[in-house]
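Notes for the structure review
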Amino acid sequence: MTKAVANKSVAPLEGHLGFWLRFVSNHVSARFQNLLEERGVSVTEWVALRTLLDRHETSHAELIQALGMTKGAASKVISRLGQKGLARRLLAEGRAREQVLVLTPAGKALVPKLAELADANDTHFFGHLTAPEQSALMRAMQELVAYHQLKTVPTT
């Protein structure tokens, strides 16, 4: 069999759905990363901040689980947020030596501004789609996550 004949049975790169998902995802993620970095925050820090916003206080273990990170990686993120004055560690009430994480007032004020960037990024890439098309795309992605039992939160 010649090389030319063998290659005819191989679909072109653009014939794979995964190619298009990765193509779009890379561009959506890169633009959002740039928007966040202009404000001095990484994508991982954004995910941690957004996660902390939903809770009054969070244990290290809860944040590690929510972010799908190792203990060491999560600790580095927490330390960076602390250095930036966006989150802090406190001793847990009634539990000696256990710490919890909370957003500072500056962190609580920043999260809605960063959420606006996320919304603007979505509008930039998906705003030309109708509301039903956006909903269908969201449902399709959520179905893939559920079907394949994907757990790791994208933080990079």
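It should be noted that the structure appears before, not after, this text.
A short tour of the structure in this document, coming up. Positions within a chain are numbered from 1, following the residues in the order the chain's sequence is written. In keeping with the model being predicted, local features are shown solely for residues with a pLDDT of at least 70 and side-chain atom pairs are shown and tallied solely at 80 or more, while totals for entire chains, interfaces and linings include all residues. Excluding hydrogens and water, the side-chain figures rest on all heavy atoms present in the structure.

**Some points on the nonpolar core**
Counting residues in hydrophobic clusters, the biggest one holds 27 residues, and the most contacted among them are Leu36, Trp46, Leu49, Leu81 and Leu114. Among the elements of the structure, α2 (17-37), α3 (43-53), α4 (60-67), α5 (71-83), β3 (99-103) and α6 (105-126) are those that each provide at least two residues to this core. Considering each element in turn, this core owes the most residues, six residues, to α3. In what follows, a contact means two residues having at least one pair of non-hydrogen atoms within 4.5 Å. Once residues within four sequence positions are removed from consideration, Leu81 is found in contact with Glu45, Ala48, Leu49, Leu86 and Ala87. Nine residue types can take part in a nonpolar core, namely buried Ala, Val, Leu, Ile, Met, Phe, Trp, Tyr and Cys, and a core is a set of them joined through side-chain atoms within 4.5 Å. The cut-offs for exposure are 20% and 50% of the maximum accessible area for each residue type, with area from a 1.4 Å probe on protein chains only; residues under the lower value are buried, those over the upper are exposed, and the others partly exposed. For the purposes of this entry, the term helix denotes a DSSP run of H or I that reaches at least four residues, the term strand denotes a run of E that reaches at least two, and both are numbered from the N terminus.

**Let's talk about the sheet that holds strand β1 (residues 58-59)**
We call two strands paired when DSSP finds no fewer than two bridges between them. One open sheet accounts for three strands, arranged β1-β3-β2; its pairing is antiparallel. A single partner strand is all that each edge strand has here, and the edge strands are β1 and β2 (87-91). Bridge count for β1 against β3 is two bridges, and the pairing is antiparallel. Bridge pairing in β3 places Thr58 opposite Leu101. Between the N-to-C directions of two axes lies an angle of 0 to 180 degrees, each axis being a line fitted to C-alpha atoms and, for a helix, fitted only over the stretch in contact. On the sheet, α5 packs against β2 and β3 and is oriented at approximately 105° with respect to β2.

**As for the packing of aromatic side chains**
In this analysis, rings of Phe, Tyr and Trp, with Trp reduced to its six-membered ring, are considered paired at centre separations within 6.5 Å, and the interplanar angle assigns stacked below 30 degrees, edge-to-face beyond 60, and tilted for intermediate values. Taken as a whole, this structure holds five aromatic pairs when the rule is applied. Ring centres of Phe19 and Phe23 lie 5.8 Å apart, and the angle between their planes is 40°; on these two criteria the pair is classed as tilted. One end of the pair, Phe19, and the other, Phe23, are both in helix α2, four residues apart, so they sit about a helical turn from each other. Residue classification places Phe19 among the partly exposed positions, given a relative accessible area of 22%.

**Comments concerning the side chain of Thr51**
Turning to its location among the elements, Thr51 is positioned in helix α3. Any N or O atom pair separated by 3.5 Å or less is treated as a polar contact, with the protein-specific requirement of one donor-capable and one acceptor-capable atom, and with residues adjacent in sequence counted only for side-chain atom pairs. In this structure the side chain of Thr51 is engaged in a polar contact, spanning 2.7 Å, whose partner is the backbone oxygen of Val47. Filtering out sequence-adjacent residues up to four positions away, Thr51 remains in contact with Leu63, Ala66 and Leu67.

**Some remarks on a nonpolar patch on the surface**
Residues enter patches when their relative accessible area tops 30% and they take part in no salt bridge; the joining distance is 9 Å for like charges and 5 Å for the nonpolar side chains Val, Leu, Ile, Met, Phe, Trp and Tyr. Each accessible area is a Shrake-Rupley result for a 1.4 Å probe, and residues are judged covered by the shown protein chains and nothing else. Any Lys or Arg side-chain nitrogen located within 4 Å of an Asp or Glu carboxyl oxygen qualifies as a salt bridge. A contiguous nonpolar surface patch, about 420 Å² in accessible area, is contributed by Leu17, Leu21, Leu137, Met141 and Leu144. Mapped by element, the contributors of at least two residues to the nonpolar patch are α2 and α7 (131-147). Ranked by the residues each element gives to the nonpolar patch, the list is headed by α7, at three residues. Residue class for Leu137 comes out partly exposed when judged on its relative accessible area of 35%.

**A few points about the pattern of salt bridges**
Counted under the stated rule, the structure contains four salt bridges. Between Glu45 and Arg80 there is a salt bridge, with its nearest N and O atoms 2.7 Å apart. Note that Glu45 is positioned in helix α3 and Arg80 in helix α5, a separation of 35 residues in sequence. The network of salt bridges with shared partners includes Glu45, Arg80 and Lys84.

**Overview of the packing of α3 against α6**
Between α3 and α6, the least distance of the axes is 10 Å, while the angle of their chain directions is 120°. Between α3 and α6, the crossing angle belongs to the class labelled oblique. For the element pair α3 and α6, the recorded crossing hand is left-handed. Here Trp46, Leu49, Arg50 and Leu53 of α3 come into contact with α6, specifically with Leu110, Val111, Leu114, Ala115 and Ala118. Working definition: roughly parallel below 35 degrees, roughly antiparallel above 145 degrees, roughly perpendicular at 65 to 115 degrees, and oblique for all remaining angles. Take the far helix as the reference: if the near one is turned anticlockwise from it by less than a right angle, the crossing is left-handed, and if turned clockwise, right-handed.

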